[in-house]
Amino acid sequence: MEVGFFSRSEAVGVVKIALTSAENLQLTLRTGLSQEEQALTQNTCGLKDDQKPGNEDLKEMLESNKESLKLEAMKRIVGLIAKGKNASELFPAVVKNVASKNIELKKLVYVYLVRYAEEQQDLALLSISTFQRALKDPNQFIRASALRVLSSVRVPIIVPIMMLAIKEAASDLSPYVRKTSAHAIQKLYSLDPDQKEQLIEVIEKLLKDKSTLVAGSVVMAFEEVCPDRIDLIHKNYRKLCNLLVDVEEWGQVVIISMLTRYARTQFTSPWKEGALDENSETAFYESDSEKNQTETKMYIMDPDHRLLLRNTKPLLQSRNTAVVMSVAQLYWHLAPKHEVCVVTKSLVRLLRSHREVQFIVLQNIATMSIQRKGMFEPFMKSFYVRSTDPTHIKTLKLEILTNLANEANISIILREFQTYVKSQDKDFAAATIQAIGRCATNISEVADTCLNGLVLLLSNRDETVVAESVVVIKKLLQTQPTQHSEIIKHMAKLFDNITVPMARASILWLMGEYCEKVPKIAPDVLRKMAKSFTAEEDIVKLQIVNLAAKLYLTNSKQTKLLTQYILNLGKYDQNYDIRDRTRFIRQLIVPSEKSSVLNKYARRILLASKPAPVLESTFKDRDRFQLGTLSHSLNIKAAGYQELNDWPTIAPDASVRNVEVIEPVNEFVPKVGKSKQLKSEKFYSDEESDKEKGSESSSSEESSSSSTEDSDEESEEESSKSSSELENTSSETEQNSSDSESEPKYNKPKKPQQRKTKTAAAQSDSDENGNGPVAQASSSSVESSSGSETDSEDSEPDEDMKPAQINTNGIKAKSKVQVKPKKEGSLLDLDDFSQTATNAPQPPVVSQSLLSDLEGLSLSNISSSVQVTTSSFSPEKTYDLLHHMSGKGLAAKYHFPRQPCLYQPCMVAVQLILTNSSDHSLEEIHIGDRSPASLSIHCFNTIERLEPGASVTVSMGIDFSDSTQAANFQLCTKTDQFNVSIQPAVGELLMPSTMTEEDFCKEQSKLLGMNETSAMITMPTENSSSLAMNKEILSVANVGVVSSNQKDMLRFAGKAVSSGALVLVSLSLQQSPTVLLTINTEKSVMASMLLRVFKQALTKA
């Protein structure tokens, strides 16, 4: 027993010892954790504490006596807020530290209170006294933060305290605090709108602030509180315009938006019809008599209007896309039409940004391109679709390309569209087909080409492409249905393979509408439809009923039973629309006693001619909204949208803006010397505003710093036309300020030096282009011709400078002078006007630089066997260029010699015959300015002297860019300039090519579909021989004859002079005197024009 007891007690002791050891071991482990384990444990505990509702550790740290722990706690709390987590339950612990003396801690507490003061209003009210004390803190950031927190406590009871704080902050020495007070105005107004009058007083005070930090914020407060009080802007308008460049980007957007609305109420429209801007070239070059007639129509822009346009223009180079877009919409709504194009490059630059930015910018460009195609046409390459673009970007680019399409570039655009149709993006491919239809509707010359291309797409494997092609073909056939019965037959053959309901319905509609043109096919289609009527979609069933009714009226013998069968099926259809349509059709076409009156008009109702659908851009009606707004993007009026006012017919009084002096220097420094005044004024001056004034500015305009020196600014404007306005403004400022500070009285004598510099620059530029002295002579003559618009002091240096210019011209043209009998210029000699072949000048649309960029887009590979040769037929037709009565004795005629141009291969050679019909000699005959400036012309050398009765023949080259648009330029003498234009016939834009018949057929096989245009021509008997046809073709087009072994086939080949595109013409004799004329070329517009010219030549008797 003892042994057993001892053993039991011993066992108990052992157990006690083991438990004690285990407890000691556990305590040892707890106190002996490594640093990594301690950090891991703290992080884990921290995560658990964050998830706890109380955040006890942060509360303990905030209630600690150590500033470092409080600061660490606030950093963690602000971090939680930044991550979007809720930290509102820490508000009591945080608000206790609002009176801390640690500035860093106080800043973080204010950041927290701004976020949660509105939610915990009762607790925030307990600290109002602390905020009021903080408003007088020496640290500007503490004062601003206190005001920000105070305005965030949205409790009506503290409105008087907030108002008092805002008024005090508005007079603070720190611009940052004043900026914060402008932000607080909006919060107080939304809390209590009854405080509007007092807030307007504060806004009026802050609008006078000269700090760029305050400007944007106070204008935003103005827009929120009193946007209709434009009288507050009058006094500060010029100051805001001048400070705009230095304001932060957010403020720039707000100020530009406000100034846009302001300008639409204070200035007259620069878009008036018949009004001429003083900057326009027509006003500059017109004669004195014409100038007197147009003085009443002259539009003079208000200097303040020009100030706004000038000071916003540099912002087009901003890195902020919103600022660029704001300036673009300002120019669109305020600038004269010829100045809007300055925003084009900046908008195109934004297309390199993110997709979201691209989407908004492309929407605005799509709206602009509808009204002004010329703005974006030189940058058409930027709107080509990339494979990486999303669908909505592709669709917008497609919209813009369609808007830019015209006769000159339609060939390039159609080649792009041919590629887009093959896209794997089905929605984009369908949109491309719709775009082709719009091009065909807008440009009649390519309607047949587009229609043929769409018919080829009907054999496409993709149902979406086929269906969309059918729908577009249907719309195009409505515009000209008489000549397209073959297309309708082709579509009927493909009907069984088309499954898209809209496409099937469109084909059935075409069958019914033009059933008389396909009398054999339409009844058979109706028979097939009767079999599958019950399985068709509702939209197809409706068109089947319509087809049955129309065939019943036109071909009742064959379709009477089919019509009755279909009407019986429709009578019991599940869709009530089909049942109603069936009953209506039965009563309308089937004669009965009740419907005898309707039966008389059945044919007139069902077979009436329908108006052709108008294919318009979806952006056509978006111009009713201001560009860059949410309403414009959504195409609906959004909440808060403010419409732009119409231009006033009579401009309000401009003197209301003369109260405030723009330049701070003028407030403290009196106008002692002219040099100081010039320096301050030139900083915000502009050459354009000076031309508008034309005389010394008034005292009010001097105070607005918009006055300039006429002579200096006029010469600088001439010298700065070839570079950007921004660079010239800065360079002008430096030069004018330095000149005015040193010796202001020598400004006028320095003008010839500036003009010499310009002449030298013009000479160097012309030498690069190969034009040599001609361009220089042109510039000198233009300068001499502007003497009527400059004062006598300016004209004297010009005349002194002319001999030097003439001496630097180099070798002059030594042409043989042929003496003719002298001819008197009688006013009754009107016969000379009857034989003119010149047309009204039309400016060409496409620049040469664009065409050179797009030359590589040709889809056809022209073989090396094609060679350009000289013409074997030269017509002797001469056109009048300038009548001797209009040219003050100088007469000019021109013709096309059909020879390769010696100057540049892409130019058309033109020969001019200049005759002096006056009784005195003419000097310095040369080519002057051209319109547009990008027009490429190789001028003839200056003719120094042309005696009375003498004539001379000179050659020149013109790049017409494969277009029949007129080339407008000036034919100048020493004293006069005459505007003339040369418009080529389409056949003169070609150069003949030689090739074998085999090469001809090979190249022709590459130019099918949209690149082929054909027509059947019936000729008179005398023109039916091969020799006569050959002669007629060569008389109207500069093409080469391709030898052929076939007697009934004539072939001609040529190349477009500018682009080098191949033009193949073939005449196939069918049955005398009928011939099939076919033209194959990438130039669709040129093909349509050649077809019309050939048809006229072959059919004339």
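Conventions used here
- Residues numbered from 1 in each chain as written.
- Predicted model: local features only at pLDDT ≥ 70, side-chain atom pairs only at ≥ 80, totals over all residues.
- Heavy atoms only, no water.
- Helix = DSSP H or I, 4+ residues; strand = E, 2+ residues; numbered from the N terminus.
- Buried < 20%, exposed > 50% of the residue type's maximum accessible area, 1.4 Å probe, protein only.
- Contact = heavy atoms within 4.5 Å.
- Areas by Shrake-Rupley, 256 points an atom, 1.4 Å probe, with all protein chains shown as cover.
- Phe/Tyr/Trp six-rings, centres within 6.5 Å; stacked < 30°, edge-to-face > 60°.
- Lys NZ or Arg CZ within 6 Å of the ring centre and 35° of its normal.
- Pairing = 2+ DSSP bridges.
- Axes fitted to C-alpha atoms, helices over the stretch in contact; angles between N-to-C directions.
- Lys, Arg positive; Asp, Glu negative; His and termini not counted.
- Salt bridge = Lys/Arg side-chain N within 4 Å of Asp/Glu carboxyl O.
- Polar contact = N/O pair within 3.5 Å; in protein donor to acceptor, adjacent residues only side chain to side chain.
- Parallel < 35°, antiparallel > 145°, perpendicular 65-115°, else oblique.
- Left-handed = near helix turned anticlockwise from the far one by under 90°.
- Nonpolar A, V, L, I, M, F, W, Y, C, P; charged D, E, K, R; others polar.
- Patch = residues over 30% accessible without salt bridge, like charges linked within 9 Å, V, L, I, M, F, W, Y side chains within 5 Å.
- Expected span 1.5 Å × (residues − 1).
- pLDDT = per-residue confidence, 0-100.

Draft legend 1. Expanded view of the overall build of the chain. In terms of helices and strands, the chain carries 49 helices and 19 strands. Burial statistics for the chain: of 1101 residues in total, 51% are counted as buried. Considering only contacts in the chain between residues 6 or more positions apart, those separated by 24 or more positions represent 69%. Taken as a whole, the chain presents about 54,000 Å² of accessible surface, with 52% of it coming from carbon and sulfur.

Draft legend 2. Representation of the packing of aromatic side chains in the model. Inspection of every chain in the model, using the stated rule, returns 15 aromatic pairs. For the ring pair Phe-141 and Tyr-176, a centre distance of 5.3 Å and an interplane angle of 55° mean the geometry is tilted. One end of the pair, Phe-141, is in helix H9 (residues 140-152); the other, Tyr-176, is in helix H11 (residues 175-191), and 35 residues separate them in sequence. A residue is classified by how much of its surface remains accessible, and Phe-141, at 38% relative accessible area, is partly exposed. When the ring of Trp-509 is compared with that of Tyr-514, the centres are 6.5 Å apart and the planes differ by 90°; the resulting orientation is edge-to-face. Cluster of aromatic residues (ring-pair linked, three or more members): Phe-91, Tyr-112 and Tyr-116. Lying over the aromatic face of Tyr-116, Arg-115 brings its terminal NZ or CZ to 4.5 Å of the ring centre. Between Arg-372 and the ring centre of Trp-332, over which it is positioned, the NZ or CZ distance is 4.4 Å.

Draft legend 3. Here's a closer look at the sheet that holds strand S13 (residues 977-982). Strand order in the open sheet formed by four strands is S10-S8-S12-S13, with antiparallel pairing between adjacent strands. One side of each edge strand has no neighbouring strand; the edge strands of this open sheet are strand S10 (943-946) and S13. Ignoring strand direction, the axes of neighbouring strands in this sheet form an average angle of 35°. The pairing of strand S8 (residues 922-931) with strand S12 (residues 967-972) spans four bridges and is antiparallel. Bridged to Ile-927 within S12 is Leu-971.

Draft legend 4. Spotlight on the side chain of Asp-137. Of note, Asp-137 is situated in the loop between helix H8 (128-134) and H9. Lys-106 is the oppositely charged side chain nearest to the buried, salt-bridge-free Asp-137, at an N-O distance of 4.1 Å. A distance of 2.8 Å separates a polar atom in the side chain of Asp-137 from the backbone nitrogen of Asn-139. In this structure Asp-137 touches Lys-106, Ile-142 and Arg-143, once residues within four positions along its chain are discounted.

Draft legend 5. Quick peek at the packing of H9 against helix H10 (residues 159-170). For the pair H9 and H10, the least separation of the axes is 10 Å and the interaxial angle reads 150°. On the basis of their axis angle, the class for H9 and H10 is roughly antiparallel. For the element pair H9 and H10, the recorded crossing hand is left-handed. When H9 is examined against H10, the residues Leu-147, Leu-150 and Ser-151 are found in contact with a partner set consisting of Ile-161, Met-162, Ala-165, Ile-166 and Ala-169. Here the residues of the contact of H9 with H10 are counted per class, giving seven nonpolar, one polar and no charged.

Draft legend 6. Up close: the environment of Gln-965. Structurally, Gln-965 is set in the loop between strand S11 (950-958) and S12. With 21 residues separating them along the chain, Gln-965 and Val-986 place their C-alpha atoms 9.8 Å apart.

Draft legend 7. Here's a closer look at the pairing of strand S14 (residues 990-994). The buried fraction of S14 amounts to four of the five residues, a majority that puts the element mostly inside the structure. Here three bridges tie S14 to strand S17 (residues 1049-1056), and the two strands are oriented antiparallel to one another. Each bridged residue has a counterpart across the sheet, and for Pro-992 the counterpart in S17 is Gly-1054.

Draft legend 8. Looking closely at the pattern of salt bridges. Considering all chains together, one arrives at 35 salt bridges under this definition. Of the charged contacts, one joins Asp-57 and Arg-76 as a salt bridge, the two residues approaching to 3.3 Å between their closest N and O atoms. Here Asp-57, found in helix H3 (residues 56-62), pairs with Arg-76, found in helix H4 (residues 67-82); they are 19 residues apart in sequence, far enough to count as distant. Two residues, Glu-988 and Arg-898, come together in a salt bridge whose shortest N-O distance is 3.2 Å. Placement of Glu-988 in the loop between S13 and S14 and of Arg-898 in the loop between strand S6 (890-895) and strand S7 (908-916) is noted, with a sequence separation of 90 residues between them.

Draft legend 9. Layout of unusual backbone geometry. The backbone of Asn-635 sits at a positive phi, close to 65°, despite the residue not being glycine. With respect to the helices and strands, the residue Asn-635 is situated in the loop between helix H36 (630-634) and helix H37 (664-668). Of note, the phi angle at Ser-961 is positive, near 55°, even though the residue is not glycine. Turning to its location among the elements, Ser-961 is positioned in the loop between S11 and S12.

Draft legend 10. Local environment of the packing of H10 against H11. Their axes nearest at 8 Å, the elements H10 and H11 cross at an angle of 155°. Here H10 is positioned roughly antiparallel relative to H11, judged by the angle of their axes. Taken as a pair, H10 and H11 cross one another with a handedness that is left-handed. For the pair H10 and H11, the contacting residues are Val-159, Met-162, Met-163, Ile-166, Ala-169 and Ala-170 in the first and Val-177, Arg-178, Ser-181, Ala-184, Ile-185, Leu-188 and Leu-191 in the second.

Draft legend 11. Layout of the environment of Thr-265. As for its placement among the helices and strands, Thr-265 is situated in helix H16 (residues 249-266). The exposure class of Thr-265 is buried, given its relative accessible area of 18%. Taking C-alpha positions, Thr-265 is 7.3 Å from Asp-646, a pair spaced 381 residues apart along the chain. Sequence-distant contacts of Thr-265, defined by excluding residues within four places in its chain, comprise Ile-230, Asn-645, Pro-648 and Pro-652. A polar side-chain atom of Thr-265 sits 2.7 Å from the main-chain carbonyl oxygen of Tyr-262.

Draft legend 12. A look at a nonpolar patch on the surface. Taken together, the side chains of Val-597, Leu-598, Tyr-601 and Ile-605 define a hydrophobic patch exposed on the protein surface, amounting to about 370 Å² of accessible area. Assignment of secondary structure puts Tyr-601 in the loop between helix H34 (596-600) and helix H35 (602-606). With a relative accessible area of 41%, Tyr-601 lands in the partly exposed category.

Draft legend 13. Seen up close, H16. Spanning 18 residues, H16 covers 25 Å between terminal C-alpha atoms, matching the ideal 26 Å at 1.5 Å per step. Counting buried positions over the 18 residues of H16 gives 14, a clear majority of the element.

Draft legend 14. View of the confidence of the model for the chain. When pLDDT is averaged across the chain, the result is 76; 72% of the residues are at 70 or more. Here residues 1-8 is a poorly scored stretch, pLDDT under 50, and it has zero contacts once near neighbours within four places are set aside; other chains count. Residue range residues 18-53 is modelled with pLDDT below 50. Its contacts to residues more than four positions away, or to other chains, number six contacts.

Draft legend 15. Seen up close, H4. The terminal C-alpha atoms of H4, which comprises 16 residues, lie 22 Å apart, in line with the 22 Å expected from a rise of 1.5 Å per residue. Among the residues making up H4, those that are buried are Lys-70, Leu-71, Ala-73, Met-74, Ile-77 and Leu-80. Looking at the packing, one finds that the buried side of H4 touches H3, helix H5 (91-95) and helix H6 (103-116). At the exit of H4 stands Gly-84, carrying a positive phi of roughly 90°.

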